[in-house]
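Below, each chain spelled out in residue letters.
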Amino acid sequence: MNNRSPQKLAVEIGGTFTDIILFEDDGKQPKLTTLKVPSTPRQPEKGVLSGVDQLDIAWPDLHDVLHGSTVATNAVLERKGVPTALIVTRGFQDILEIQRGDKTNIYDIFYQRSRPVVPREWVLPVTERLDVSGDVLVPLAEEEIRSLVPRLLEGGIKAVAICFLHSYKNSQHEDRVRAIIEDIAPELLVLTSSELLPQFREYERASTATMSAYISPIMSHYIGQLTEKLEERGFGGSLFITQSNGGVLPANAIRREVVRTLLSGPAAGVTGAIYAAEQAGMQNIITFDMGGTSTDVCLINDGQPLITTENMLNNLPVAVPMIDIATVGAGGGSIAAIDRHGMMHVGPESAGADPGPACYGHGGTFATVTDANVARGIIRPKTFAGGNFKLDSEAGHGVIERLGQDLAMTGAQAAEAVTRIVEANMTQAIRLVSTQRGYDPRDYVLVAYGGAGPIHAASVANELGITRVLVPPHAGVLSAFGLLVADIARDYVQTDVALAFDLSPDDFRAKIEALAEKARKEFESHGFGANELKVFAGLDVRYEGQAFELPISIDPETVTSDLVTTRLHDAHYKRYGFAFENESAEVVNYRLKVVIPRKTKDVSVHINETGQASTELGSVLLRGEARETVFCKSETMTLETTITGPAVLEADTSTCFVPENWTARLLESGSVLLERKN
């Protein structure tokens, strides 16, 4: 008889490392087992399985596997999706090529727009036309669709996206085209823009639909392979995939909407950071996730992340709701290189997982941020990753010394130069989500996680005037932890443009109820009851005549046109510093977020209550000189422990540097709080 407690497994694949957490709840003291293993970009499931096989998993007792990955993102960035076609209204064949007609950098004379994932020869026009109200102007020429299918098959096309003009108002033409193609060629994946994103703006809708079609077979194959391998080990529970909005969905619900997973890893980290901050009694935070390849930052007000639908991946729009995360190519594996003018740059190129930084001993020959931290003495080979990951200290020192020679400086100076540059890059990313949007970073706590985040967080905070840094427990695997505490969630949208004063309270309620009914049917098809759902409604509104809108939240039971107008004034003032008090509000989109709260919320952390904190003296390089430094094993800190910088806190999944004029102490929640002295 198996007496093991129910278990959950959370796995998040990063560019350099795969983070794994096994959660076991016996009803008394929840137990977390954490693990970091190198990612295997060419075969992502290989790294996942090699990691989980190192854990003591009772597969029949494993209820859920929660998974976030970069598989979909990498398929777009590396252009490794499947051959895809786009079917459009005749006359709109150039929609992906024209894009928005603008330039990201107007002063770059060599500017080139990002290449669409579907080449122009596979954007196929057909005869049909709807008007702005969704009424049929030109009937669908079904014979054209039937004649296109053999061409698709002969051309090796594996997926088809359909985006017709105004189909968000009336999906009948898109639905009919899909039915015809699936009847003739059931092996083709066919996605309609009206199903994925019933929202106006043809280019954004077409881009989102084509990107989803382009990567869906890749992600579906990956999910299928992973599911098969897990079932071979005896897993019979549910597989959940995390989305870019911070929630999770069952794997079978995500296969046709893979585009919702593009920023799943960073979003899971934000979810974990919010949880850790709430446990520490903090609501206003800036998340700071520095991994091996990049740094992701996000601003949180009152425990809620900003959500945006104006997302870009490789400069191509993805119009599904995502947590508003700013990313900079600054990670532990970021390469320090000298350009032709003799200037040093750090990132965005990364040594990745293979070969990785030189100190990993896998053949890396470029100096990286991790090598610089080894050379400075902040990362010690004998304690890195709890001593479970072997480092080649000589190789790390060697590449930094060579970099210093090329710059006519010492190795110590080169190491600190690398550190200063990468910290400047990350500081700018935080300014992007704070000061450039009207928020003062000094009013926020910086929550640092990722394997490298806590090393640099306090130094970055110094530059921004931030006086507190929170380092959550299991900081190095917080993105995986975020999966454990994430809710099941799904976003819905429907465009219906009208002036607010033309709408009655019943009109608002009817629109929201239509979305809610759609949500109930969809969740019931995945085995969830309607009574489990929590519904949050919102609108996208603008002033009459404006081109872009702002989101507001509403309660369908109390919403009125006057309330909508007032909230638009408030939102506009907060975003732009002024409001058009005499202008009319125009409702553009109705939005619904449906949430099923997850039960894994109380994940307590064991705190050392009896022993003494384990510390020893060493040295790190500060301003080119060796300074005596306290090294403390984080897991041994007690609630009475106060560490004064310079100090290094070494945990099994991350390393934290406490600079001069900073102190570190353990909170009852298990997080470590760094505070700057006045």
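Check the entry above for the structure.
Residues numbered from 1 in each chain as written. Predicted model: local features only at pLDDT ≥ 70, side-chain atom pairs only at ≥ 80, totals over all residues. Heavy atoms only, no water.

Trainee: What should I look at first to understand the overall build of the protein chain in this one?
Mentor: For the protein chain, the count of helices and strands is 16 helices and 35 strands. Over its C-alpha atoms the protein chain spans a radius of gyration of 26 Å, differing by no more than 12% from the 26 Å that the globule rule assigns to 678 residues. Seen through its C-alpha atoms, the protein chain measures out along the principal axes to roughly 80 × 70 × 55 Å. For the protein chain, buried positions account for 57% of its 678 residues. A fraction of 68% describes how many contacts in the protein chain between residues 6 or more apart in sequence connect residues 24 or more apart. Accessible surface computed for the protein chain: about 28800 Å², of which carbon and sulfur atoms make up 48%. Averaged over its 62 positive side-chain charges, the protein chain has a centre that lies 2 Å from the centre of its 87 negative ones. (Helix = DSSP H or I, 4+ residues; strand = E, 2+ residues; numbered from the N terminus. Rg over C-alpha atoms; globule rule 2.2 N^0.38 Å. Buried < 20%, exposed > 50% of the residue type's maximum accessible area, 1.4 Å probe, protein only. Contact = heavy atoms within 4.5 Å. Areas by Shrake-Rupley, 256 points an atom, 1.4 Å probe, with all protein chains shown as cover. Lys, Arg positive; Asp, Glu negative; His and termini not counted. Charge placed at Lys NZ, Arg CZ, Asp CG, Glu CD.)

Trainee: Would you take a moment to explain a nonpolar patch on the surface for this structure?
Mentor: Taken together, the side chains of Tyr573, Tyr576, Phe578 and Phe580 present a nonpolar region at the surface, about 450 Å² in accessible area. Accessibility expressed as a relative area gives 36% for phenylalanine 580, which makes it partly exposed. (Patch = residues over 30% accessible without salt bridge, like charges linked within 9 Å, V, L, I, M, F, W, Y side chains within 5 Å. Salt bridge = Lys/Arg side-chain N within 4 Å of Asp/Glu carboxyl O.)

Trainee: Just to check I follow, could you spell out the environment of arginine 256 for this structure?
Mentor: Looking at the element boundaries, arginine 256 is found in the loop between α8 (251–254) and α9 (264–279). Sequence separation of arginine 256 and isoleucine 215 is 41 residues, and the distance between their C-alpha atoms is 9.9 Å. If near-sequence neighbours (up to four positions away) are discounted, arginine 256 is found in contact with Arg178, Glu182, Leu189, Val190, Leu191, Glu195, Leu196, Ser212 and Ser216.

Trainee: I keep staring at the sheet that holds strand β10 (residues 189–192) and nothing clicks. Help me out?
Mentor: Within a sheet, each strand pairs with its neighbour through backbone hydrogen bonds, oriented either parallel or antiparallel. With respect to topology, 4 strands assemble into an open sheet ordered β6-β5-β9-β10, the strand pairing being parallel. Every other strand in the sheet has two partners, leaving β6 (123–126) and β10 as the edge strands with one partner each. Within this sheet the neighbouring strands show an average axis-to-axis angle of 20 degrees, counted without direction. Sheet analysis places strand β5 (residues 84–89) next to β6, joined by 4 bridges and oriented parallel. Bridged to threonine 89 within β6 is valine 126. Contacting β5, β6 and β9 (159–163), helix α4 (residues 142–154) runs over the sheet at an angle of about 160 degrees to β6. (Pairing = 2+ DSSP bridges. Axes fitted to C-alpha atoms, helices over the stretch in contact; angles between N-to-C directions.)

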